[in-house]
Amino acid sequence: RRREQRVTVETAVSLGDRRSLVIVAVEGRRLLLGVTPAQVSLVTELEHRAGAFDTTLDRQMAASRERSVA
């Protein structure tokens, strides 16, 4: 019998220099993770609806720009 996978990688996007953004599904949640050779960081939890990734990414990028300006 095949075991059910508990963690599923939905998509991964390379950012270069061995860094990437990865969307994983685990225990009914969708998580956006930042991955580097040294660590894995939770960026945000994504909603379960069409376009949620784009909306969340835009929000996170805007917040990041605001923090870097301040």
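Higher on the page you've got the structure.
Presented here is an overview of the structure given in this document.

Re the overall build of the protein
Each helix and strand counted, the protein has one helix and four strands in total. Looking at the protein as a whole, 21% of its 70 residues are labelled buried. Summarising the internal contacts of the protein: among those between residues at least 6 apart in sequence, 1% fall at separations of at least 24. When the accessible surface of the protein is totalled, it reaches about 5700 Å², and 50% of it is carbon and sulfur.

Things to note about the layout of surface pockets
Counted as a void, the largest pocket has a volume near 220 Å³. Taken together, 14 residues line the largest pocket, and the ones lying closest to its centre are Leu21, Val43, Leu57, Gln60 and Met61. Mapped by element, the contributors of at least two residues to the lining of the largest pocket are β2 (19–26), β3 (29–35) and α1 (52–69). Grouping the amino acids of the lining of the largest pocket by side-chain chemistry returns seven nonpolar, five polar and two charged.

Remarks on unusual backbone geometry
With the exception of glycine, most residues fall at negative phi, and the peptide bonds are largely trans. One non-glycine residue, Asp17, adopts positive backbone phi at about 50°. As for its position among the elements, Asp17 is in the loop between β1 (7–16) and β2. For Asp17, a relative accessible area of 63% corresponds to the exposed category. Even without being glycine, Arg18 reaches a positive phi, approximately 60°. Relative to the helices and strands, Arg18 resides in the loop between β1 and β2.

What counts and how
- Residues numbered from 1 in each chain as written.
- Predicted model: local features only at pLDDT ≥ 70, side-chain atom pairs only at ≥ 80, totals over all residues.
- Heavy atoms only, no water.
- Helix = DSSP H or I, 4+ residues; strand = E, 2+ residues; numbered from the N terminus.
- Buried < 20%, exposed > 50% of the residue type's maximum accessible area, 1.4 Å probe, protein only.
- Contact = heavy atoms within 4.5 Å.
- Areas by Shrake-Rupley, 256 points an atom, 1.4 Å probe, with all protein chains shown as cover.
- 1 Å grid on protein atoms, 1.4 Å probe; cavity = no way out; pocket = protein on both sides within 12 Å on 5 of 7 lines; lining within 4 Å.
- Points joined across faces, edges and corners; volume = space filled by probe spheres on them.
- Nonpolar A, V, L, I, M, F, W, Y, C, P; charged D, E, K, R; others polar.

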